[in-house]
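If you want the building blocks of each chain, they are given just below.
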Amino acid sequence: MERLRALSLDALRERTSEKWREYPADVLPLFVAETDFALAPEITRALERAISIGDTGYVASRTPLAEAYAEFAHRRFGWSPDAARMRSTADVSMGIVEILRRVTSPGERVIVTTPVYPPFFDLVEEAGAIVERVPLRDSGTGWELDLDGIHAALEAGARAVLLCNPHNPTGTVHSAASLTALAELAAAHGAAVVSDEIHAPLVQPNTGFRPFLSISDDARAVGYAVVSASKAFNLAGLKCALMVTASDDTTRVLRSLPIEVEWRTGQFGMLAAVAAFAEESDVWLDSLLVTLDENRRLVADLLAQHLPAARYRLPDAGYLAWIDLAGLGWGDNPSKRILREARVALHFGPAFGAEGAGHVRLNFGTSPEIITEAITRIAALDVS
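Residues numbered from 1 in each chain as written. Predicted model: local features only at pLDDT ≥ 70, side-chain atom pairs only at ≥ 80, totals over all residues. Heavy atoms only, no water.

A. Structural view of the overall build of the chain. If you tally the helices and strands in the chain, you get 16 helices and 14 strands. Taking 2.2 N^0.38 as the reference for a compact globule, 384 residues should give roughly 21 Å; the C-alpha atoms of the chain span a radius of gyration of 20 Å, in line with that estimate. Its C-alpha atoms put the chain at 60 × 55 × 35 Å along the principal axes. The buried share of the chain, reckoned over its 384 residues, is 56%. Across the chain, contacts joining residues at least 24 apart in sequence account for 73% of those joining residues at least 6 apart. Within the structure as shown, the chain displays about 15,500 Å² of accessible surface, and the carbon and sulfur contribution to it stands at 50%. (Helix = DSSP H or I, 4+ residues; strand = E, 2+ residues; numbered from the N terminus. Rg over C-alpha atoms; globule rule 2.2 N^0.38 Å. Buried < 20%, exposed > 50% of the residue type's maximum accessible area, 1.4 Å probe, protein only. Contact = heavy atoms within 4.5 Å. Areas by Shrake-Rupley, 256 points an atom, 1.4 Å probe, with all protein chains shown as cover.)

B. Structural detail: unusual backbone geometry. T114 connects to P115 through a cis peptide bond whose omega is -5°. Tracing the chain through its elements places P115 in the loop between strand 3 (109-112) and helix 6 (119-126). With an omega of 25°, the peptide bond running from N168 to P169 counts as cis. Of note in this structure, R343 is not a glycine but carries a positive phi near 60°. Along the polypeptide, R343 turns up in the loop between helix 15 (334-342) and strand 13 (344-348). Under the relative-accessibility criterion, R343 is labelled partly exposed at 25%.

C. Quick peek at the nonpolar core. Formed by 100 residues in total, the largest nonpolar core has its most connected members in Y69, F212, F233, V299, I323 and I338. In this structure, V299 is in contact with Y312, A321, I323, L362, F364, I371 and I375, ignoring residues within four places of it in sequence. One finds L123, V131, L257 and V261 within the second-largest nonpolar core, a separate group that totals 30 residues. (Core = buried A, V, L, I, M, F, W, Y, C linked by side-chain atoms within 4.5 Å.)

D. Spatial organisation of the pattern of salt bridges. Within the structure shown, the criterion is met by 25 salt bridges. Residues E262 and R87 are paired through a salt bridge, measuring 2.9 Å at the closest nitrogen-oxygen approach. Residue E262 is found in helix 12 (residues 259-263), and its partner R87 is found in strand 2 (residues 86-89); the two are separated by 175 residues along the sequence. As far as burial versus exposure is concerned, E262 and R87 are alike and both buried. A salt bridge links R296 to D293, with the shortest nitrogen-to-oxygen separation between them at 2.8 Å. Of this pair, R296 and D293 are both found in helix 14 (residues 282-306), three residues apart, which corresponds to roughly one turn of the helix. (Salt bridge = Lys/Arg side-chain N within 4 Å of Asp/Glu carboxyl O.)

E. Representation of the packing of helix 4 (residues 65-77) against helix 14 in the model. Where helix 4 contacts helix 14, the axes come no closer than 13 Å and their chain directions differ by 45°. Comparing their axes, helix 14 and helix 4 come out oblique. In this structure, helix 4 crosses over helix 14, and the sense of that crossing is right-handed. Contacts from F72, R75 and R76 in helix 4 reach D282, L285, D286 and L289 in helix 14. Among the residues forming the contact of helix 4 with helix 14, the class breakdown is three nonpolar, no polar and four charged. (Axes fitted to C-alpha atoms, helices over the stretch in contact; angles between N-to-C directions. Parallel < 35°, antiparallel > 145°, perpendicular 65-115°, else oblique. Left-handed = near helix turned anticlockwise from the far one by under 90°. Nonpolar A, V, L, I, M, F, W, Y, C, P; charged D, E, K, R; others polar.)

F. Structural view of the sheet that holds strand 3. Reading across from one edge, 2-10-9-8-7-3-4 is the order of the seven strands in this open sheet, with mixed pairing throughout. Of all the strands in the sheet, just strand 2 and strand 4 (130-133) have a single pairing partner and so form its edges. Between one strand and the next, the sheet's axes are offset by a mean angle of 25°, whatever the strand orientation. Note that strand 3 and strand 7 (residues 160-164) share three bridges and pair parallel. Paired with V112 across the bridge in strand 7 is L162. (Pairing = 2+ DSSP bridges.)

G. Representation of the environment of L303. Tracing the backbone through its elements, the reader meets L303 in helix 14. What makes L303 buried here is its relative accessible area of 6%. Put simply, L303 and T170 are 133 residues apart on the chain and 17 Å apart in space, counted from C-alpha to C-alpha. If we ignore the near neighbours within four places in the chain, the residues touching L303 are P308, A310, Y312, I323 and I375.

H. The packing of aromatic side chains, seen in detail. Per the stated rule, a full pass over the model turns up 10 aromatic pairs. Where Y69 meets F72, the ring centres are 6.3 Å apart and the plane angle is 35°; that geometry is what we call tilted. Of the two residues, Y69 and F72 are both situated in helix 4; the distance of three residues between them amounts to about one turn of the helix. Here the aromatic rings of Y69 and F277 are separated by 5.3 Å at their centres, their planes lie at 70°, and the arrangement is edge-to-face. Placement of Y69 in helix 4 and of F277 in helix 13 (residues 267-277) is noted, with a sequence separation of 208 residues between them. Judged by relative accessible area, Y69 falls into the buried class, the value being 3%. By relative accessible area, F277 is classed as buried at 3%. Among the aromatic residues, ring-to-ring pairing joins Y69, F72, F77, W79, F209 and F277 into one connected group. (Phe/Tyr/Trp six-rings, centres within 6.5 Å; stacked < 30°, edge-to-face > 60°.)

I. Up close: helix 5 (residues 92-103). For helix 5, which comprises 12 residues, the first-to-last C-alpha distance of 17 Å matches the rise-based estimate of 16 Å (1.5 Å per residue) to within 8%. Those residues of helix 5 that sit buried are V92, G95, I96, V97, E98, I99, L100 and V103. Of the residues flanking the start of helix 5, the one acting as N-cap is D91, its side-chain oxygen 3.4 Å from the backbone nitrogen of S93. (Expected span 1.5 Å × (residues − 1). Polar contact = N/O pair within 3.5 Å; in protein donor to acceptor, adjacent residues only side chain to side chain.)

Everything listed here is a matter of coordinates, which is why it stays silent on function.
Structure, rendered in structure tokens:
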């Protein structure tokens, strides 16, 4: 399987998305979760076809999206979700908020496993709930759910768990045993688990990834998954996600949502997602995974060579490197100095929670040349 080649820097700077417009042209942007590759051919064809016939109206009440995802999940994860138990919306964040509004009451607490995707804090509050932080445990070789901490929080009254599976920013694929135990805890306490699985298409082979709803009867009873093609296929601007359930009770919750939630799905997002989930796009996705495997290892090699004080573990999924730079003595938020002096934009570690102090998140969904240039620039600060 050949690797994907990223677009040239000149071509990328023609883009008008957040990654390429937030900072001046002398900054290498490796912060936001956008990738630097051309679209999968099936997606390009679908969007070009829509434009050619003016297929730019309202998204239909019946689309092939749920069936396309169910087939994708079967091929990629060995899981066969029921298309009749899904509803679409604009994006994963919106799906999370709408579900949390139904499974919690104002002022109730929702567990998040820090360090975690920064909008989680805002999404919980938008839903009217309160964030309960239960940090991941560092096992010495990786990160894992702190099941004892989650149990204590549920015992104290937390009503839901907002899970990131695979986890952002660490790239952790939670073990089947951990997910099974989490589902048992939630079921025993009458709590819901909302699983953000946006990075699931980007799991590396043989990592043991399991969608939460495939884990057990308890998981199916208490769980909601929110999924999208947007991270793997770089479609965030087109606005499309799916909320997925696996029991009668949770499906009733989805069906209770206002129809407006579903109408927020983007027409182009739906068309692009159907093309992304099609079997014809699997070759492109597999090539992307080869590229990301090589790039995650390149980051490790470059850090070992140029910044040996940095601590970094290969992520199981995605294109985000969670790097501990505390040993360099650059303060709690080293991204600020790196941006100011090295002209490399990384995501601020403290934004992911207190556990992010001294850390940065680097997006390696780009070319080896850009990764090398970025880390070389950063390393130069250590000797300046």
